[in-house]
Amino acid sequence: MLASRRFLRIGNAPSIKTPLLLPSFSSKGFPNVAKILQTMEEYISDEVLVSAYDIYNNHIKPPFDFASAIFLDSGGYEASKETELSDTYEKEYSGKEWSIDKHQQVLAEWKSNSPTVCVSYDHPNDRVPTGQQIERAKAMVLPPGNSARALLIKPESETSKRLHLKDILPTVKQMTGFAVVGVTEKEIGNSTLSRMINVAKLRKELDAHHPGLPIHVFGSLDTISTFLYFLAGADIFDGLTWLRYAFSNGDTVYRHHFGALSLPITTNSDIVEGRCWTNNYQSMQEMRLSMIKFVADGRFEHFGKHHESLKRAYDAMTAELGGA
């Protein structure tokens, strides 16, 4: 079974056991991200993901000590026009200038009591071969205290929209010194099945060289895909879907639908929005518990009403891997 509970190690801090579902915060699509963070500080006590780009541009201000651990993202998402699969922007987005020096400046000035995972630098106009990405990530200067490196693997050229395992798998043995290896959901394949298969192949290669090293799927946090990539061997999940939509009874639905079905129809939209966020955070805790139960006994029923569809997807992945 590819799904397992692995350990995230951040400096000398106590190890954190996966799976992890990270509430993510970004100014991209959420210009009021600082207010959202302030609202959710009261409810969140576990791990979160924030962007180095947003910190550099003063969209949000550290130290975010309410979180038990912080994933400090690379900033490439905010600096680019690229989208997550769940993005629903109404107008053209244009990011500000972003560079490896600015990324390193954020790390140099970083001060937090919470253990911090620093994600390797990323920019859509600065693509290099995977081997160079690894070496650049190793050269990243970490802030003092309990901190660790996460390698975010990106396509090797500016024209490529996908990761190619033929470029990645031969370099896996070089991936020493990282607490996490990450890929984005959108780039790891062109269908749900291909993404699951590619995550599984990466999982097997990592296990051969770095047993127990967690995989982070960036931009994937919903009531279906998160379970699928977990079954494929991924461990850590983040995304902004939890801010865009509502998690309700195993589905990801429009926020106003959640409000109409769960709250008085006279409820102000701002209140509905806030209730969605707190509801979604609680749903993420329940999803994590379902994943832990699955590791314990292998029963797909823990995943709720869609468990039969998830089992079919898992079986299809397993069949394809068996024929590879």
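Rules behind the numbers
Residues numbered from 1 in each chain as written. Predicted model: local features only at pLDDT ≥ 70, side-chain atom pairs only at ≥ 80, totals over all residues. Heavy atoms only, no water. Buried < 20%, exposed > 50% of the residue type's maximum accessible area, 1.4 Å probe, protein only. Helix = DSSP H or I, 4+ residues; strand = E, 2+ residues; numbered from the N terminus. Arc of directions from axis to C-beta. Contact = heavy atoms within 4.5 Å. Pairing = 2+ DSSP bridges. Right-handed = clockwise from strand over helix to strand, strands pointing away. Core = buried A, V, L, I, M, F, W, Y, C linked by side-chain atoms within 4.5 Å. Salt bridge = Lys/Arg side-chain N within 4 Å of Asp/Glu carboxyl O.

### Description of helix α1 (residues 33-40)
Residues of α1 that are buried: V33, I36, L37 and M40. Within α1, the buried residues cover an arc of 100° as seen down the axis, which keeps them to one side. Among the exposed residues of α1, those oriented more than 90 degrees off its buried face are K35 and Q38. Elements that come into contact with the buried residues of α1 comprise α9 (241-244) and α11 (269-297).

### Observations regarding the pairing of strand β8 (residues 180-184)
Where burial is concerned, most of β8 is hidden: 5 out of the 5 residues are buried. Burial along β8 is two-sided: the residues V180, G182 and T184 and V181 and V183 are all buried. Examined bridge by bridge, β8 and strand β9 (residues 215-218) share 4 bridges and lie parallel to one another. Bridging from a neighbouring strand, V181 pairs with I215 of β9. Between the parallel elements β8 and β9, the chain passes through helix α7 (residues 192-209) in a crossover that is right-handed.

### Examining the nonpolar core
Counting 78 residues, the largest nonpolar core has F25, F64, M175, F237, W242, F303 and M317 as the members making the most contacts within it. In this structure F25 touches V33, I36, L37, M40, I44, V48, L49, V50, S51, D54, L240 and W242, once residues within four positions along its chain are discounted. Counting 17 residues, the second largest nonpolar core, distinct from the first, contains A69, V117, F218 and I236.

### Considerations on helix α5 (residues 130-139)
Where α5 is concerned, the buried positions are T130, Q133, I134 and A137. Mapping the buried residues of α5 onto a view down its axis gives an arc of 100°, with all of them on the same face. For α5, the elements touching its buried residues are β7 (147-152) and α6 (165-168).

### Here's the deal with the pattern of salt bridges
Using the criterion set out here, one finds 14 salt bridges in the structure. Ionic pairing is found between K166 and D167, a salt bridge with its closest N-O pair at 3.3 Å. A salt bridge links E273 to R255; its shortest N-O distance comes to 3.3 Å. In this pair, E273 is assigned in helix α11 and R255 in helix α10 (residues 255-262), connecting sequence segments 18 residues apart. The exposure class of E273 is partly exposed, given its relative accessible area of 22%. For R255, a relative accessible area of 24% gives the class partly exposed. Put simply, R6, R203, D207 and D235 are held in one network by salt bridges that share partners.

Just geometry here; none of it tells us what the structure is for.
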